[in-house]
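Given next are the chains, with one letter for each unit.
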Amino acid sequence: MRAILVGITSKNDYFDIDYSLHELKKLAETLDYDIVYNVRQAKTKPDPATFIGKGKVSELKDLIDLYKADIIIFDDALSPAQNRNLEQILNIKVIDRTYLILEIFNVRASTKEAKYEIALARYRYLLPRIGLLREEESRNGGTSGSMSNRGSGETQQELDRRHLENEIVKLESELKNIRQQKLNQINRRKKNSIPIVSLVGYTNAGKSSTMNSLIDLLNVNDEKKVLEKDCLFATLDTYSRRLKHNNLNFILTDTIGFVSKLPTTLINSFYFTLEEVINSDLIVYVVDISSEYALKEFEITYKVLELIGASQIPFIVSFTKIDKLSNNKTLLPSQILGFISQNIKEDIKYKEYSFAFIDNKKGIGIRELADIIFKALSRNYLHLHLEVPYTDGKVINLIEEHAQIVAKTYLDSFIFYDIYTDELYYPIYLKYEEKNNQNIA
Ligand SMILES: Nc1nc2c(ncn2[C@@H]2O[C@H](COP(=O)(O)OP(=O)(O)OP(=O)(O)O)[C@@H](O)[C@H]2O)c(=O)[nH]1
Ligand SMILES: [Mg+2]
């Protein structure tokens, strides 16, 4: 399929539109579209009827003939009316960034939750566009099975609408159950004092590869590896694995990647899979240091975390693909520090930021990354040696339920505990600390 991309920009914003169209091209190529031309228009406000201005529409019509295009892809979200008008005037399929991402997700979704999320997001997107859907189907010369049972007196559009509405209700309730299970799981981990560490970053940055490198190094229970692949949105769900470093157990979570201009429909629904991220004790920003747009990609990731309410969580930065690094990129860490000092709130600013530099192909820097993760977690998860008398049953229960027990010895008048605990409980444990060995971690 030959595609023409269309982006608009306010006048002084040419870098942004170039970046945005570059990203849109990568997204479109994921679905095997062949990009034959980019159309840019400087415009402060989109046209309510056709998004781009009248002149640009007729220019586009000529370009479609000239380049024998099969589809037009808009960089921004079109309203259903704009979408319809453009298709009528241009007599060609017109889609927007939201639809494109929905299609990619649709192809990639593999878990039950991801499939439900994507179906729900698509139905919500299609509902106000039912007319378009129908035109699309008649153009393709058929109707989809689930929508073809024509009832008496009802128009096909009404039937389609009702069908979508029913599906949406069903999916919403299925997802509610899945989410509740997930929340219970997160709460259980919290209760057991197992910290959660999430890998986040731009799509294709190397999150899943980093996860696998850490699984190789720190695996306790033969945890399964996750899928790593050279394409956008290889990972569409969250995957959690239990790892252990210096006797501290933690959950490592791999997540969906980010892109700029994420459609709000997707953030609202699909990105609920990021629940684990919101509940993390530590975030690891994974940044492909060899990417031409690495700083921009870091900023995009930060903005999404801000949107979902996770930008206050302590973080470290892990630079991947150092093996592909050319010399002129070594400025990146200091540029990122610059961004941090300008944007990130005082209360999570540390005196010192931790960076790791890794090569997942050769396994370089992975141990250092694990050490940095451990060090960051140690700020909130204290390593303590306690001597608790048998008479203090309540405290013993608390430890057994809420701490990670590294070692336990029954002695004459007390139980000796070697534990990791959330600092939350420290005031209670304080008076049991082993007399001559305080602050071991
Ligand atoms: N050369 C090199 N390639 C890497 C490195 N880390 C990851 N890759 C490659 O980068 C591509 C993407 O890696 P993934 O780990 O799947 O990336 P991701 O961030 O999980 O991507 P999404 O799930 O799509 O968001 C794969 O082809 C990896 O083999 C690295 O350190 N060096
Ligand atoms: Mg991945």
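Scope of this entry: the structure provided in the associated data block.

The rules behind the values
Residues numbered from 1 in each chain as written. Chains lettered and ligands numbered in written order. Predicted model: local features only at pLDDT ≥ 70, side-chain atom pairs only at ≥ 80, totals over all residues. Heavy atoms only, no water. Near = heavy atom within 4 Å. Polar contact = N/O pair within 3.5 Å; in protein donor to acceptor, adjacent residues only side chain to side chain. Areas by Shrake-Rupley, 256 points an atom, 1.4 Å probe, with all protein chains shown as cover. Helix = DSSP H or I, 4+ residues; strand = E, 2+ residues; numbered from the N terminus. Contact = heavy atoms within 4.5 Å. Donors = N, O, S within 2.8 Å, 3.2 Å for Na, K, Ca; no water. Buried < 20%, exposed > 50% of the residue type's maximum accessible area, 1.4 Å probe, protein only. Axes fitted to C-alpha atoms, helices over the stretch in contact; angles between N-to-C directions. Parallel < 35°, antiparallel > 145°, perpendicular 65-115°, else oblique. Left-handed = near helix turned anticlockwise from the far one by under 90°. Nonpolar A, V, L, I, M, F, W, Y, C, P; charged D, E, K, R; others polar. Expected span 1.5 Å × (residues − 1). Pairing = 2+ DSSP bridges.

## Some details on the site of ligand 1
Around ligand 1 sit 23 residues in total, of which Lys 207, Ser 209, Ala 234, Asp 323 and Asn 360 are the nearest. Ala 205 is positioned with one of its backbone polar atoms (N or O) 3.1 Å from an oxygen atom of ligand 1. Ala 234 is positioned such that a nitrogen or oxygen atom in its backbone is 2.6 Å from an oxygen atom of ligand 1. Protein chains shield 93% of the accessible area of ligand 1, which is 660 Å² for the free molecule.

## What about the side chain of Gln 41?
Assignment of secondary structure puts Gln 41 in strand β2 (residues 34–42). Within the local environment of Gln 41, its side chain forms a polar contact with the backbone nitrogen of Gly 53, the two atoms lying 3.1 Å apart. Residues within four places of Gln 41 in sequence aside, it is in contact with Gly 7, Ile 8, Thr 9, Ile 52, Gly 53 and Lys 56.

## Describing the coordination of the magnesium ion (ligand 2)
Taken together, Ser 208 (OG) and Thr 235 (OG1) make up the protein donors of the magnesium ion (ligand 2), found 1.9 to 2.1 Å from the metal. Of the two residues, Ser 208 is situated in helix α8 (residues 207–218) and Thr 235 in the loop between α8 and β6 (239–245); the sequence distance between them amounts to 27 residues. The exposure class assigned to Ser 208 is buried, which follows from its relative accessible area of 7%. Owing to a relative accessible area of 10%, Thr 235 belongs among the buried residues under this scheme.

## Brief notes about the packing of helix α4 (residues 97–108) against helix α5 (residues 112–126)
Following both chains from N to C, one finds α4 and α5 inclined at 150°, their axes separated by 10 Å at the closest point. Our classification of the angle between α4 and α5 gives roughly antiparallel. At the point where α4 passes α5, the crossing takes the left-handed sense. Mapping the contact onto sequence places Thr 98, Tyr 99, Leu 102, Glu 103, Phe 105 and Asn 106 in α4 and Ile 118, Ala 121, Arg 122 and Tyr 125 in α5. When the residues that make up the contact of α4 with α5 are grouped by side-chain class, the tally is six nonpolar, two polar and two charged.

## Some points on helix α7 (residues 156–191)
Three- or four-residue spacings in an α-helix give side chains the same orientation, since the helix completes a turn every 3.6 residues. If you check α7, its first and last C-alpha atoms are 52 Å apart, about what 36 residues at 1.5 Å a residue would give, namely 52 Å. Turning to α7, its buried residues number three or more, namely Gln 156, Leu 159, Asp 160, Leu 164, Glu 167, Ile 168, Leu 171, Leu 175, Ile 178, Lys 182, Ile 186 and Arg 189. A positive phi of about 60° marks Ser 193, the residue just after α7.

## What to know about the environment of Phe 233
For Phe 233, the location among the structural elements is in the loop between α8 and β6. Using a relative accessible area of 0% as the deciding quantity, one classes Phe 233 as buried. A C-alpha to C-alpha distance of 9.4 Å links Phe 233 and Ala 109, two positions 124 residues apart in sequence.

## Some thoughts on the sheet that holds β6
With respect to topology, six strands assemble into an open sheet ordered β6-β7-β5-β8-β9-β10, the strand pairing being mixed. Of all strands in the sheet, those with a lone pairing partner are β6 and β10 (355–357), marking the two edges. Neighbour to neighbour, the strand axes of the sheet diverge by 25° on average, direction disregarded. With four bridges joining them, strand β5 (residues 196–201) and strand β7 (residues 248–254) adopt parallel strand pairing. Within β7, the residue paired with Ile 196 across the bridge is Ile 251. Of the strands in this sheet, β5, β6, β7, β8 (282–288) and β9 (315–320) touch α8, which is tilted by about 40° from β6.

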